[in-house]
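Here is how the chains run, residue by residue.
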Amino acid sequence: MFFGVTSRSARGISAAVALLAIGAVGCADAIDSAKDGAKKVVRQRSVFSLTPGDCYNPNSAATESEEFSVEIVPCDEAHKGQVVGEFAIEGKSEYPGDSGATKIADERCPAESQKFVTDTWAVPEGVDLFYYYPTSESWATGDRAVSCAYSKESGTFSGSLKDESLNADQLTYLKGSNAVYEALWSNQPEADQIEDDLAGYKKQAKAVSSALKTHLTALEGVAQPETTKLRTQLEETAEAWKDAASAGSTDDFYVAYDLAFTGIDPSKTVAARKELKLATTVPADDAEVWVG
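Residues numbered from 1 in each chain as written. Predicted model: local features only at pLDDT ≥ 70, side-chain atom pairs only at ≥ 80, totals over all residues. Heavy atoms only, no water.

Caption draft 1: Main features of the packing of aromatic side chains. A full pass over the atoms with the stated rule returns 10 aromatic pairs. Between Tyr-257 and Phe-261, the aromatic rings sit 5.8 Å apart at their centres with planes inclined by 20 degrees, giving stacked as the arrangement. On the criterion of helical spacing, the pair formed by Tyr-257 and Phe-261 is a turn pair, its members being 4 residues apart in helix α7 (residues 250-263). In terms of burial, Tyr-257 and Phe-261 fall into one category: buried. Each member of the aromatic cluster is reached from another via a ring pair, and the members are Tyr-181, Trp-185, Tyr-201, Trp-241, Phe-253, Tyr-257, Phe-261 and Trp-290. Sitting above the plane of the Trp-139 ring, Arg-144 keeps its charged end 3.7 Å from the centroid. (Phe/Tyr/Trp six-rings, centres within 6.5 Å; stacked < 30°, edge-to-face > 60°. Helix = DSSP H or I, 4+ residues; strand = E, 2+ residues; numbered from the N terminus. Buried < 20%, exposed > 50% of the residue type's maximum accessible area, 1.4 Å probe, protein only. Lys NZ or Arg CZ within 6 Å of the ring centre and 35° of its normal.)

Now the structure itself:
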């Protein structure tokens, strides 16, 4: 999934939103406009006070900009985004810079967001993961917080993304599945070619192998036909990841990796997801990775 970037300022709310002026329009329209403006003023909140669950509309038009405040709205109203996680940047005495802050958010927000949105396949189309992170000015005042949010760059969506009614089998499947893909992407080597960093790719394979082992153990308790079939298929895949992790040469790694990577193609999980009554449409970004 591609992640957008937003930042915030130490200035907090820079200015109140002005009420719409009554101009040369009908009285009823003018009153309605004034009421809408007043409602927006009341709903203003500093980005420093955002908490998971908040649905909001940014005051700026774009998601990639510095933000001072946002309009908090009920989740059943149309909105641009919802805060789905938060954490504090730790272990840094100096401001890490925009690139450093975004790198930290890239690494942490996917896992933090899954505590709120367990089934990411259920996220509406066009809604992606963004975040608010400190600027150098706000860092100097003690700001270390990062707010992770799902936001729609074009258009709006309605309803909360919070998973409220997942049963034990659904939670077991999603916890293990999410961990497998998190292990894959969070351990992605920087080198594009395996030959340039075989050790890094073997480390990634080891992480995925470990996550798959845990996933398979948990799935033993899910006694449903399609999920059982998926577990059998993933056992073979886990062996391939284990072979990749212990490959003695680049050629050996390629042989194992081809089978390993193909084995975790998300499209192969659709039948089990349908059986578990989970979302069954593979996210476009994930589908593109495994196409062909």
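There is more to say, and it comes next.
Caption draft 2: Layout of the packing of helix α5 (residues 198-219) against helix α6 (residues 225-245). Across the interface, α5 lies against α6 with an axial gap of 8 Å and an inter-helix angle of 155 degrees. In terms of orientation, α5 and α6 fall into the roughly antiparallel class. α6 is crossed by α5, and the crossing has left-handed handedness. Seen from α5, the contacting residues are Lys-202, Ala-205, Lys-206, Val-208, Ser-209, Leu-212, His-215, Leu-216 and Leu-219; seen from α6, they are Thr-227, Arg-231, Leu-234, Glu-235, Thr-237, Ala-238, Trp-241, Lys-242, Ala-244 and Ala-245. For the contact of α5 with α6, the per-class residue count stands at 10 nonpolar, 4 polar and 5 charged. (Axes fitted to C-alpha atoms, helices over the stretch in contact; angles between N-to-C directions. Parallel < 35°, antiparallel > 145°, perpendicular 65-115°, else oblique. Left-handed = near helix turned anticlockwise from the far one by under 90°. Contact = heavy atoms within 4.5 Å. Nonpolar A, V, L, I, M, F, W, Y, C, P; charged D, E, K, R; others polar.)

Caption draft 3: Quick look at the environment of Tyr-254. Tracing the backbone shows Tyr-254 in helix α7. When the C-alpha positions of Tyr-254 and Ile-194 are compared, they lie 8.4 Å apart, and in sequence the two are 60 residues distant. Excluding residues within four positions of it along the chain, Tyr-254 makes contact with Gln-193, Ile-194 and Glu-195. Of note is the side chain of Tyr-254, whose polar atom sits 3.1 Å from the side chain of Glu-195. (Polar contact = N/O pair within 3.5 Å; in protein donor to acceptor, adjacent residues only side chain to side chain.)

Caption draft 4: Highlighting the nonpolar core. Of all hydrophobic cores here, the largest spans 33 residues; its most connected members are Tyr-173, Leu-184, Val-208, Leu-212, Trp-241, Phe-253 and Ile-264. Those elements that place two or more of their residues in this core are α4 (168-186), α5, α6 and α7. If near-sequence neighbours (up to four positions away) are discounted, Leu-212 is found in contact with Val-180, Leu-234, Thr-237, Ala-238, Trp-241 and Ile-264. Membership of the second largest hydrophobic core comes to 20 residues, among which are Val-84, Cys-109, Tyr-133 and Cys-148. (Core = buried A, V, L, I, M, F, W, Y, C linked by side-chain atoms within 4.5 Å.)

Caption draft 5: Expanded view of the state of the cysteines. Applying the stated rule across the entire model yields 2 disulfides. Disulfide partner of Cys-55: Cys-75, at an S-S distance of 2.0 Å. Residues Cys-55 and Cys-75 are joined through a disulfide that is right-handed, its torsion about the S-S bond being 95 degrees. Of this pair, Cys-55 sits in strand β3 (residues 55-58) while Cys-75 sits in the loop between β5 (69-73) and β6 (81-88), and the two are 20 residues apart along the sequence. Residue Cys-109 pairs covalently with Cys-148 via a disulfide, S to S 2.1 Å. With the S-S dihedral at roughly -80 degrees, the linkage between Cys-109 and Cys-148 falls on the left-handed side. Highlighted residues: Cys-109 in helix α2 (residues 97-114) and Cys-148 in strand β8 (residues 145-152), separated in sequence by 39 residues. When sorted by exposure, Cys-109 lands in the same class as Cys-148, which is buried. For the protein, the disulfide bridges join cysteines in the arrangement 1-2, 3-4, where the cysteines are counted in sequence order. (Disulfide = S-S within 2.5 Å.)

Caption draft 6: A look at unusual backbone geometry. Of note in this structure, Lys-277 is not a glycine but carries a positive phi near 60 degrees. Within the element layout of this structure, Lys-277 appears in the loop between α8 (270-275) and α9 (284-290).

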